[in-house]
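# Architecture and fold: a report
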Amino acid sequence: MKILITGGASGLGEAITRTCAAEVDNQVYFTYHRAAENATHLQMEYPNSRAIACNFKSGSSVENLKNQISMMDIDVLINNAYTGACIKTYFHKTEQDEFVDEFTNNVLPTVQITQAAIQCFRRKKQGKIITILTSFLINVPPIGAGLYVANKAYLAELSRVWANENSKFNIISNTVSPAFMQTPATAAVDERVVEQMRNGHPLKQLLTTAEVAEAVAFLCAASQQINGIDIPINAAANMR
């Protein structure tokens, strides 16, 4: 398979890149922005991978990635990249411009890249879209996660649209909703809060990026019959 992973050089994205590239028959493309050094190491470790610089805050950078998708002839798109922290400040203290910026820097690039992928998939009459969401959409969202949860909710509904509109073209769209993980995106969360999450977890241990990557790899290889679903990964702490 030819797989494109956005934000694939650090945190959860790195775990997904490693899991997909460990299958030597896969050709894995992954984007990076700040993690250039790590991207280089991943390419050296996995010869079947290729790093592509892409800054979601730059329109020209996103446009460049869009133009490459057709040439990559990808089979799977994994929407993982997210710019900024998942927990910031109270909703009532959030400036209006921040909502616009977060949407512009996260949702719109994902929309553009997915549109390009779907056009590629429709020509091939097959393709898979996997979008990383959050279990915050299922359980009580933590204080300060308003921007993050709102953007993920937007992508959650779009993913359902992608599944419905493209199923006749043998294109599927599924999502994964992981619980809290310790990654660069959550590095600013107070350690006392992290400890509370750990103690409140059914298994008394936080979810790891490797565990989520396993679920993503499953969806990469799954039958086209598996379409329009979300996989919560939270040890049944909350169920729909």
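Structure first, text after, so check above.
Residues numbered from 1 in each chain as written. Predicted model: local features only at pLDDT ≥ 70, side-chain atom pairs only at ≥ 80, totals over all residues. Heavy atoms only, no water.

## Some details on the side chain of S135
The test is simple: By the criteria applied, helices consist of DSSP H or I runs no shorter than four residues and strands consist of E runs no shorter than two, each listed in order from the N terminus. When a residue's accessible area, from a 1.4 Å probe over protein chains only, is under 20% of the maximum for its type it is buried; when over 50% it is exposed; and in between it is partly exposed.
Inspection of the secondary structure assignment puts S135 in the loop between β5 (127-132) and α5 (146-166). The class of S135 is buried, set by a relative accessible area of 1%.

## Observations concerning the nonpolar core
The nonpolar side chains of a soluble globular protein tend to be buried with one another. Selection rule: By nonpolar core is meant a set of buried Ala, Val, Leu, Ile, Met, Phe, Trp, Tyr and Cys residues that side-chain atoms within 4.5 Å join together. Pairs of residues are marked as contacts when any of their non-hydrogen atoms sit within 4.5 Å.
Judged by nonpolar contacts, the single largest core of 30 residues is most densely connected at I16 and I78. Elements with a minimum of two residues in this core: β1 (2-5), α1 (11-21), β2 (27-32), α2 (36-45), β4 (76-79), β5 and α7 (209-221). Take this core: its biggest share by element is six residues, from α7. Apart from the residues within four sequence positions on either side, I78 is in contact with I3, L4, I5, T6, I16, C20, I130, V216 and C220. Formed by 21 residues, the second largest nonpolar core is a distinct cluster that contains C54, F56, C120 and I129.

## Some points on the sheet that holds β1
Applicable threshold: Two strands are said to pair when DSSP picks up at least two bridges between them. Angles here are taken between N-to-C directions and fall from 0 to 180 degrees, while the axes themselves are lines fitted to C-alpha atoms, restricted in helices to the stretch in contact.
Reading across from one edge, β3-β2-β1-β4-β5-β6-β7 is the order of the seven strands in this open sheet, with parallel pairing throughout. Each edge of the open sheet carries a strand with a single partner, namely β3 (49-53) and β7 (230-233). When the angles between neighbouring strand axes are averaged without regard to direction, this sheet yields 15°. By the bridge criterion, six bridges tie β5 to strand β6 (residues 171-178) in an arrangement that is parallel.

## Thoughts on the packing of aromatic side chains
How we decide: Only centres within 6.5 Å qualify two rings of Phe, Tyr or Trp (six-membered ring in Trp) as a pair; their planes then separate them into stacked at under 30 degrees, edge-to-face at over 60, and tilted for everything else. Whether a charge sits over a ring comes down to the Lys NZ or Arg CZ being within 6 Å of the ring centre and within 35 degrees of the ring normal.
Tallying each qualifying case throughout the model produces four aromatic pairs. Seen in terms of ring centroids, F136 and Y148 are 6.3 Å apart; in terms of plane orientation they differ by 75°. Their pairing is edge-to-face. Highlighted residues: F136 in the loop between β5 and α5 and Y148 in helix α5, separated in sequence by 12 residues. Of the residues examined, Y148 reaches a relative accessible area of 14% and is grouped as buried. What links up through ring pairs into an aromatic cluster is the set Y82, F136 and Y148. Across the ring face of F169, the terminal group of R122 is positioned such that the distance to the ring centre comes to 3.9 Å.

## What about helix α3 (residues 59-72)?
Short version of the rule: The span one expects for a helix is its residue count, reduced by one, times 1.5 Å. The directions from the helix axis to the C-beta atoms form the arc being described.
The end-to-end C-alpha separation of α3 is 20 Å, in line with the 20 Å expected for 14 residues at 1.5 Å each. If you check which residues of α3 are buried, you get S61, V62, L65, Q68, I69 and M72. Viewed end-on, α3 has its buried residues packed into an arc of 120°, placing them on one side of the element. Residues of α3 that are exposed and angled more than 90 degrees away from the buried face: G59, S60 and M71. Buried residues along α3 sit against β1, β2, β3 and α4 (96-124). After α3 finishes, the residue D73 shows a positive phi value of roughly 55°.

## As for the pattern of salt bridges
For clarity, the threshold we go by: Should a side-chain nitrogen of Lys or Arg be within 4 Å of a carboxyl oxygen of Asp or Glu, the pair is scored as a salt bridge.
Scanning the entire structure with this criterion turns up eight salt bridges. Among the ionic pairs, D73 bridges to K2, the shortest N-O distance being 4.0 Å. Of this pair, D73 sits in the loop between α3 and β4 while K2 is found in strand β1, placing the two residues 71 residues apart along the sequence. Residue class for D73 comes out partly exposed when judged on its relative accessible area of 30%. The closest approach of N and O atoms between K66 and E63, which form a salt bridge, is 3.4 Å. Highlighted residues: K66 and E63, both in helix α3, separated by three residues, approximately one helical turn. Here K66 falls in the partly exposed class, since its relative accessible area comes to 22%. Classification of E63 as partly exposed rests on a relative accessible area of 34%. Salt bridges sharing common partners tie together K2, D73, D75 and K124.

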